[in-house]
Amino acid sequence: MRKHVLILTACFLIISISYAGLKTFADKGRSYYEETGEVVWDINTEDKVVALTFDDGPHPKYTAEVLDLLAKYEAKATFFVVGGNAEKYPELVLRTYTEGHELANHTYTHPFKVSVTELQEELLQTNEMIYSITGFYPVLFRPVGGNYNDKMINAAVKDGYKVVMWSWHQDTQDWKQPGVSKIVKKVLNGTKPGDVILFHDGGGNRTQTLKALEEILPTLKKQGYTFVTVSELIESKQQQEAVK
């Protein structure tokens, strides 16, 4: 009996030590990064503003159609561009920029696993590509798949980027093609001021995204919402804090 107790005690100690080690090396939480301002998920505001964001483009068909819809409803958005796609379709990158939307960095090859050094190279390559097309250097970066760790955040911030995620309740998961109605319900049932809403304009068939936007944009506009870029959303928060 005593032997069993000693074995169980030893196992408990090993698990406790292992857990402590994991906790030590785990990423800092959302509250930490929001407090430092290094990462943005959404903002707390009473103003009826939201930021529409699109990942993985540009795409020769879907990005163009998204831009057409945004123009129709006088909406601005932020496009997290994959550098390799920007190189293939520079005319869409330029159109996005000249129509007043925000260009942001989503790496060059869209790798789901990447070292810090590789990430820095991807970000630099994408920024240089976008600059060569528009004369503008993006300052926002969204990690592929939302995957990040402390080292990645530190490196990105050191290189002058602000990391942008999305509102946890506004991940449309449109890349799964769940159906137009599900995308629409996900957005409209959860929208609140200061949201950052995640869509995709590249990386696959985005027909459902387009059809969903045809319902989402006019509905939110009727509800009094204004569609702004992520940088404008951040700036609105800073202005509110300055007034207090």
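Everything in this summary refers to the structure shown in the same document.

## Some points on the overall build of the protein
Summing up its helical and strand segments, the protein has ten helices and eight strands in all. Counting the 244 residues in the protein, one finds 47% classified as buried.

## Notes on the nonpolar core
Counting 33 residues, the largest nonpolar core has Leu52, Phe54, Leu70, Phe79, Phe199, Ile216 and Leu217 as its most contacted members. In terms of residue count, the dominant contributor to this core is helix H9 (residues 207-222) (six residues). If near-sequence neighbours (up to four positions away) are discounted, phenylalanine 79 is found in contact with Phe54, Thr63, Val66, Leu67, Leu70, Thr96, His101, Glu102, Leu103, Ala104 and Asp201. Judged by nonpolar contacts, the second largest core, of 15 residues, contains Val40, Ile43, Val164 and Val196.

## A few points about the pairing of strand S3 (residues 77-81)
Burial runs high along S3: five of the five residues are buried. The alternating pattern of S3 places Ala77, Phe79 and Val81 on one face and Thr78 and Phe80 on the opposite face, and all of these are buried. For the handedness criterion, the β-α-β arrangement of strand S2 (residues 49-55), helix H3 (residues 62-72) and S3 is classed as right-handed. Here four bridges tie S3 to strand S4 (residues 102-105), and the two strands are oriented parallel to one another. Directly across from phenylalanine 80, in S4, lies its bridge partner alanine 104.

## Thoughts on the packing of aromatic side chains
Considering all chains together, one arrives at eight aromatic pairs under this definition. Ring centres 5.2 Å apart and planes at 20° place the aromatic pair phenylalanine 54 and phenylalanine 79 in the stacked group. Of the two residues, phenylalanine 54 is situated in strand S2 and phenylalanine 79 in strand S3; the sequence distance between them amounts to 25 residues. Residue phenylalanine 54 is classed as buried on the basis of its relative accessible area, which comes to 0%. Plain terms: the ring middles of phenylalanine 141 and tyrosine 161 are 6.5 Å apart, the flat faces sit at 65° to each other, and that makes the pair edge-to-face. With phenylalanine 141 in strand S5 (residues 140-141) and tyrosine 161 in the loop between helix H7 (150-158) and strand S6 (162-164), this residue pair connects regions lying 20 residues apart in the sequence. Taken together through their ring pairs, the aromatic side chains of Tyr32, Tyr33 and Tyr148 make up a single cluster.

## Considerations on empty space enclosed by the protein
Using the criterion set out here, one finds one cavity of 30 Å³ or more in the structure. What lines the largest cavity is Phe54, Gly57, Pro58, Thr63, Phe79, Phe80, Val81, Leu92, Val93, Thr96, Leu103 and Asp201. Within the residue set of the lining of the largest cavity, elements represented by two or more residues are S3 and helix H5 (90-98). Considering only residue class, the lining of the largest cavity consists of eight nonpolar, three polar and one charged.

## Details of H5
Those residues of H5 not exposed but buried are Leu92, Val93 and Thr96. Taken around the axis of H5, the buried residues stretch over an arc of 105°, which confines them to a single face. Elements that come into contact with the buried residues of H5 comprise H3, S3, helix H4 (83-88), S4 and helix H6 (116-134). Backbone geometry just after H5 places glycine 100 at a positive phi near 90°.

## Brief notes about the packing of H3 against H9
Put simply, H3 and H9 touch, their axes get as near as 10 Å, and they point 5° apart. Between H3 and H9, the crossing angle belongs to the class labelled roughly parallel. Together, Tyr62, Glu65, Val66, Leu69 and Leu70 of H3 and Thr207, Leu210, Leu213, Glu214 and Leu217 of H9 make up the contact between the two elements. For the contact of H3 with H9, the residue count by class is seven nonpolar, one polar and two charged.

## Remarks on the pattern of salt bridges
As enumerated under the stated definition, the model contains nine salt bridges in all. Measuring nitrogen to oxygen at the nearest pair gives 3.0 Å for the salt bridge that ties glutamate 34 to arginine 30. Taken together, the residues glutamate 34 and arginine 30, both in helix H2 (residues 30-36) and four residues apart, mark about one turn of the helix. Take glutamate 34: its relative accessible area is 33%, and that puts it in the partly exposed class. Here arginine 30 falls in the buried class, since its relative accessible area comes to 19%. Residue lysine 192 is joined to aspartate 195 by a salt bridge in which the shortest nitrogen-to-oxygen separation is 3.6 Å. Residue lysine 192 is classed as partly exposed on the basis of its relative accessible area, which comes to 38%. Relative accessible area serves as the criterion here: at 0%, aspartate 195 is assigned to the buried category. Among the ionic contacts, a cluster of salt bridges with common partners joins Arg30, Glu34 and Asp42.

Criteria and cut-off values
Residues numbered from 1 in each chain as written. Predicted model: local features only at pLDDT ≥ 70, side-chain atom pairs only at ≥ 80, totals over all residues. Heavy atoms only, no water. Helix = DSSP H or I, 4+ residues; strand = E, 2+ residues; numbered from the N terminus. Buried < 20%, exposed > 50% of the residue type's maximum accessible area, 1.4 Å probe, protein only. Core = buried A, V, L, I, M, F, W, Y, C linked by side-chain atoms within 4.5 Å. Contact = heavy atoms within 4.5 Å. Right-handed = clockwise from strand over helix to strand, strands pointing away. Pairing = 2+ DSSP bridges. Phe/Tyr/Trp six-rings, centres within 6.5 Å; stacked < 30°, edge-to-face > 60°. 1 Å grid on protein atoms, 1.4 Å probe; cavity = no way out; pocket = protein on both sides within 12 Å on 5 of 7 lines; lining within 4 Å. Points joined across faces, edges and corners; volume = space filled by probe spheres on them. Nonpolar A, V, L, I, M, F, W, Y, C, P; charged D, E, K, R; others polar. Arc of directions from axis to C-beta. Axes fitted to C-alpha atoms, helices over the stretch in contact; angles between N-to-C directions. Parallel < 35°, antiparallel > 145°, perpendicular 65-115°, else oblique. Salt bridge = Lys/Arg side-chain N within 4 Å of Asp/Glu carboxyl O.

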